[in-house]
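For reference, the chains in residue letters:
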Amino acid sequence: MFSISLRADRLSKTYEAGLLSTGKCIFREVSFEIRSGKTFGLMGSSGEGKSTLGRVVAGLEKATTGSVYYKGTPLTLMKKNEKIAFRRKVQIMFQDPTDAFNPRKKIGHAISEVLALLGVPEARHSSKTEEMLITTGLPKEVLSRYPSQISGGQLQRLALSRILLLDPEYIVLDEPTSALDVSVQAQILHMLKEVQTERNTGYLLISHDEIVIRFMSDSYGVLENGQLKIIE
Amino acid sequence: MSPEAAHIESSCITEACTEEYSEKKREISSLNFKFPGELLFKISGRRKGLKGQLNRGGIFLFVFFLFMALFPSFLAPYAPNERFTPYKEPSWDHFLGTNDIGNDIFSELVYGSRISMTVGFAAALVSTLIGAILGICAGYFRGALDELLMGFTDVVLIIPKIPLIIVLGAYLQPSIWILIPVLGLLSWESTARVTRSKTLQLREAGYVKSARCMGFSSWHIMSTDIFPNLYNVLLPKFMLATASAMISEASLSFLGLSDISMKSWGTMLSFAFFRGGFIRDMWWWYTPPGICITLCIISIALIGFGLETQGKEHVREGADAM
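Summarised in this report is the structure supplied together with it. Everything numeric here is computed off the predicted structure, so don't read it as measured data.

Calculation notes
Residues numbered from 1 in each chain as written. Chains lettered and ligands numbered in written order. Predicted model: local features only at pLDDT ≥ 70, side-chain atom pairs only at ≥ 80, totals over all residues. Heavy atoms only, no water. Buried < 20%, exposed > 50% of the residue type's maximum accessible area, 1.4 Å probe, protein only. Helix = DSSP H or I, 4+ residues; strand = E, 2+ residues; numbered from the N terminus. Pairing = 2+ DSSP bridges. Patch = residues over 30% accessible without salt bridge, like charges linked within 9 Å, V, L, I, M, F, W, Y side chains within 5 Å. Areas by Shrake-Rupley, 256 points an atom, 1.4 Å probe, with all protein chains shown as cover. Salt bridge = Lys/Arg side-chain N within 4 Å of Asp/Glu carboxyl O. Contact = heavy atoms within 4.5 Å. Axes fitted to C-alpha atoms, helices over the stretch in contact; angles between N-to-C directions.

1. Comments concerning the pairing of strand β9 (residues 219-224) of chain A
Residues and elements named next belong to chain A.
Then, in step 1: β9 sits mainly inside the fold: five of its six residues count as buried.
Then, in step 2: Inspection of the sheet shows strand β3 (residues 39-43) paired to β9 by four bridges, in the parallel sense. Bridge pairing links Leu-42 to Gly-221 in β9.
Then, in step 3: As defined by bridge partners, β9 adjoins strand β10 (residues 227-231) across five bridges and the pair is classed as antiparallel.

2. Observations concerning unusual backbone geometry
Then, in step 1: Phi angles above zero are rare outside glycine, and Arg10(A) is one such case at about 45°.
Then, in step 2: Inspection of the secondary structure assignment puts Arg10(A) in strand β1 (residues 6-15).
Then, in step 3: We note that Tyr87(B) has phi near 50°; this positive angle belongs to a residue other than glycine.
Then, in step 4: For Tyr87(B), the location among the structural elements is in the loop between α4 (72-75) and α5 (105-141).
Then, in step 5: Of the residues examined, Tyr87(B) reaches a relative accessible area of 28% and is grouped as partly exposed.

3. With respect to a nonpolar patch on the surface
Residues and elements named next belong to chain B.
Then, in step 1: Nonpolar side chains collect at one region of the surface, where Phe-64, Leu-66, Phe-67, Leu-70, Phe-71, Phe-74 and Leu-75 lie side by side and expose about 650 Å² of accessible area between them.
Then, in step 2: If one sorts the elements of the nonpolar patch by residue count, helix α3 (residues 49-70) sits on top with four residues.
Then, in step 3: Summarising the element assignment, Phe-64 is placed in helix α3.
Then, in step 4: On the accessibility criterion, Phe-64 (39% relative accessible area) is partly exposed.

4. Here's the deal with the sheet that holds strand β5 (residues 73-74) of chain A
Residue and element names in this part refer to chain A.
Then, in step 1: Taking strand neighbours across the sheet as the criterion, the four strands line up as β2-β1-β4-β5 in an open arrangement whose pairing is antiparallel. The open sheet is flanked by β2 (24-34) and β5, the only strands paired with a single partner.
Then, in step 2: Examined bridge by bridge, β1 and strand β4 (residues 65-70) share five bridges and lie antiparallel to one another. What sits directly across from Asp-9, in β4, is Ser-67.
Then, in step 3: Along the sheet face, helix α1 (residues 50-57) touches β1, β2 and β4 and points at about 55° away from the line of β2.

As structure tokens, this is what we get:
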């Protein structure tokens, strides 16, 4: 289904040349598609521009040329309400879980802010938060802690469940497990799989770990020397 | 996941979390993660040797001057306008003698701290607020706005401050309510520059990017995610701006560009100079305000430098990225 997919069409990213430096091309003419309920894996060595590509797909950075299409409309031509919908429906999860939450906000506060953003009445915040905690399997007391007082695995689960409050159609997973130890990695990957089965979410999984990519992805591509080689 | 299973798992995790929590707590204490309220006590506690002594001395002096400014009636034996015999030498009745119109100099000195510190803190507040707002906007939005704001900052940076303040002070009616905005409006540039660079760093933090991706407004991100994480930069800048504003106020008052009905330490010096204090060699008139200005500025600067050093250590320890 072309119209409901998230599509990268001939994306190129070049960092502009300065007075003392020449411009650097990060990737060139990269095209791929993420379908609902499927995972597209993106592999490549460090410094190949995987994370930059992820941020471009999530709309956090602009591509030098090419476009990202959401429901058939390029991001650059979206109207305000379409952009708001895109912002809710395409989310990104970062590598470092300790960096995912503001160190000066308690977890409960960070979650309430998202609920307020979604227009959930304040009276329903606690019930919604409890539902979220059941999904993540974390106790209620984490809500009263600061991010620095929680382990990396727990933070990553909380980061994912905070994203899920927005009910996204696509999530860009930027090396979601590389900062975690092996046992916690498996927990997070299984949680991601469960979420995908339950909600039909499409993933763009960025990783340099081939095992993780093979375990999670329906198709994947390798970013090398600025070019994407797709492997079905 | 069924509610029962979730409950069992959650209780198991609670136990695991409690253990983990105590371990984490130990880790955190070693990371020295601090909250603003504990700050002043922590600086004095952590610094060892000469640096620590200086910081403690700075805090002690500052608290003393603050007490003097907030509760002058506790220290001053007379009202500042009460008149006695003029030009009296120090005695038990008047610790620092009396001035040309018979006011008790010690009482004048105590009440003068109020004006000097009010001008210093209010001007610093104005300059820190302007610098913080412009710095956050430039660093967060980048692009053309950044260029425009930083270009404007450079223009303000090259304006010679004291001559301009003297001209403004001479044209406008001398009053601290003119002096505060003028000093504040002309001293925000370095705060804006530092705030911008820190904002550029915070803008790339995962939680800011996540907030942008979730669709939070720029105002929300700047006020709740960026501004609270700038206190390491803004607090020392505020203290140093206070010290600088107090020096400017004293200089302008000495030149006679201040409201004579609101006697600050600078005004006292000016009166001592122009009304016979120096000619009569009345050191008890002109020395105390000079010493007070110097000590108060040193105490504020010591706290400011202490906070600045602590901020740098904070960044080195990586606590900012937590």
